[in-house]
Amino acid sequence: MSQQRITVVTGGALGIGGATSRRLAADGDLVVLNDVDEAATEKACAEIVEAGGRAVPVIGDVVDDAVIERIVSTVRELGRVDVLVNNVGDFRPASKTFLHSTPEQWQRLYELNLLHVLKLTHALLPMMVEQGSGAIVNNSTVEAFRGIPAGAPYSAYNAGVSAFTKSLAVEVGAHGVRVNAIAPDLADTPQTSAEAMLRGRDPDLVRHWIPLGRFGRVDDYAAVIAFLASDEARFVTGHTVPVDGGTLAASGWYARADGKGWSNMPDTP
Ligand SMILES: NC(=O)c1ccc[n+]([C@@H]2O[C@H](COP(=O)([O-])OP(=O)(O)OC[C@H]3O[C@@H](n4cnc5c(N)ncnc54)[C@H](O)[C@@H]3O)[C@@H](O)[C@H]2O)c1
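Residues numbered from 1 in each chain as written. Predicted model: local features only at pLDDT ≥ 70, side-chain atom pairs only at ≥ 80, totals over all residues.

Draft legend 1. View of the overall build of the protein. Along the backbone of the protein there are nine helices and seven strands. Here the C-alpha radius of gyration of the protein, 19 Å, is about what a compact globule of 269 residues would show, namely 18 Å. On the principal axes, the C-alpha backbone points of the protein span a range of 65 × 40 × 40 Å. Sorting the 269 residues of the protein into buried and exposed places 40% on the buried side. (Helix = DSSP H or I, 4+ residues; strand = E, 2+ residues; numbered from the N terminus. Rg over C-alpha atoms; globule rule 2.2 N^0.38 Å. Buried ≥ 20, exposed ≤ 12 C-beta atoms within 10 Å, placed from the backbone.)

Below, the structure is given as structure tokens:
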């Protein structure tokens, strides 16, 4: 029997991270599950154990250095780390426009979206390098690749996550460590619930909005993270894979709700 993988998932209780920790535990990993929400963490760990898996909670804000230290010491006690999923990120605090935003908001967005990714990776990478193996999967966003109004700092820091992914992959490939990312869009999660995204809009618009015609379910994202973390992706490194139902491919080419033409063609009747 092969050795059980030790996997760290940040923000592993709810949303995309919640589905990822459950999926990787079901696949056989021991999951070190970090999350700031104590009740949700306990629930996630209990569900994993109930399903026959293994999970060790590390409750706390991953932006906090002391929490990063606790994740690292938990991993050291377990003796190795095979997979790191840097999942935590948030578009909030959001501002109506960049001009309305404040340096305090940019600082918080920087800490929530980029800084902890560097810190936790920096703290765990030496173990992977020493082992000569490891897979890191970061959670970026499609907004790293296209413009989004009211989200310039969030977009900039996530472009940083994807650039970090690329450059680190080049640096650590020779040590057997792979680094990839996913770029989600339109996930139905507590942060961006389908209900909130649809508020005031006609649900029929969804099929004109998202090429695959529906919001993403958390399992859709966890499946791609699980693939990138697995040996099936052994020759894939340095990439950010969009998991977006086709929105990035469609870019500005949104179908009109009346089915006649495209929203970015002003001459379409
Ligand atoms: N939802 C989307 O459509 C979407 C789109 C693009 C990118 N993303 C990215 O995917 C990732 C997950 O998004 P989601 O929608 O599942 O988020 P979510 O807010 O629904 O869930 C996040 C989870 O992380 C935990 N968490 C939040 N801040 C934390 C912190 N500082 N320390 C530890 N735990 C923390 C929460 O308690 C929760 O369990 C984020 O990086 C986000 O930017 C999501």
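On we go.
Draft legend 2. The arrangement of the nonpolar core in detail. Formed by 60 residues in total, the largest nonpolar core has its most connected members in V8, L33, V137, Y221 and I225. Not counting chain neighbours up to four residues away, the residues in contact with Y221 comprise I16, A19, I182, P184, A187, G216 and V243. (Core = buried A, V, L, I, M, F, W, Y, C linked by C-beta atoms within 7 Å. Contact = placed C-beta atoms within 7 Å.)

Draft legend 3. Quick peek at unusual backbone geometry. Note that the residue after R92, namely P93, is joined by a cis bond; omega there is 5°. With respect to the helices, strands and loops of the structure, P93 is situated in the loop between β4 (83-86) and α4 (103-131). Positioned with a positive phi, A150 is a non-glycine residue whose angle comes to about 70°. Phi is positive for L186, close to 55°, though the residue is something other than glycine. Note on L186: 21 C-beta atoms within 10 Å, which makes it buried.

Draft legend 4. Fine view of the environment of R201. Take R201: it is sitting in the loop between α6 (194-198) and α7 (206-209). On the neighbour-count criterion, R201 (11 C-beta atoms within 10 Å) is exposed. A C-alpha to C-alpha distance of 11 Å links R201 and A257, two positions 56 residues apart in sequence.

Draft legend 5. Broad picture of the pairing of strand β2 (residues 30-35). With five of its six residues buried, β2 lies for the most part within the structure. In the sheet, strand β1 (residues 6-10) pairs with β2 via five bridges, with the strands oriented parallel. Bridge pairing in β2 links I6 to L30. Between the parallel pair β1 and β2, the chain is carried across by helix α1 (residues 15-26), and the sense of this crossover is right-handed. In this structure, β2 lies alongside strand β3 (residues 54-59), joined through six bridges in parallel fashion. Bridging across to β3, N34 finds its partner in V58. Note that the unit made of β2, helix α2 (residues 38-50) and β3 has a crossover that is right-handed. (Pairing = 2+ DSSP bridges. Right-handed = clockwise from strand over helix to strand, strands pointing away.)

Draft legend 6. How the structure looks around the site of the ligand. The ligand sits among 31 residues. The nearest are G11, L14, G15, G89 and Q191. Secondary-structure elements contributing two or more residues to the shell around the ligand are α1 and β2. A per-element tally of the shell around the ligand places α1 first, with four residues. When its residues are assigned to classes, the shell around the ligand shows 13 nonpolar, 13 polar and five charged. (Near = placed C-beta within 6 Å. Nonpolar A, V, L, I, M, F, W, Y, C, P; charged D, E, K, R; others polar.)

Draft legend 7. Summary view of helix α5 (residues 152-172). Between its first and last C-alpha, α5 extends 30 Å over 21 residues, near the 30 Å set by a 1.5 Å rise per residue. Listing the buried residues of α5 in full gives P153, Y154, S155, Y157, N158, V161, S162, F164, T165 and L168. On its buried face, α5 sits against α4, β5 (134-139), β6 (177-184) and β7 (240-243). (Expected span 1.5 Å × (residues − 1).)

Draft legend 8. Region of the structure containing the sheet that holds β6. If you trace the seven strands from one edge of the open sheet to the other, you get β3-β2-β1-β4-β5-β6-β7, paired in parallel fashion. Looking at strand neighbours, the two that pair on one side only are β3 and β7, the edges of this open sheet. Strand after strand, the sheet turns through a mean of 15° between neighbouring axes, direction not considered. Bridge count between β1 and β4: three bridges; the pairing is parallel. Counted as the bridge partner of V9 is V85 from β4. In this fold helix α3 (residues 65-78) packs onto β1, β2 and β3, with an angle of close to 170° to the strand it touches most, β2. Together, β1, β4, β5 and β6 form the strand contacts of α4, whose direction differs from that of β4 by roughly 170°. (Axes fitted to C-alpha atoms, helices over the stretch in contact; angles between N-to-C directions.)

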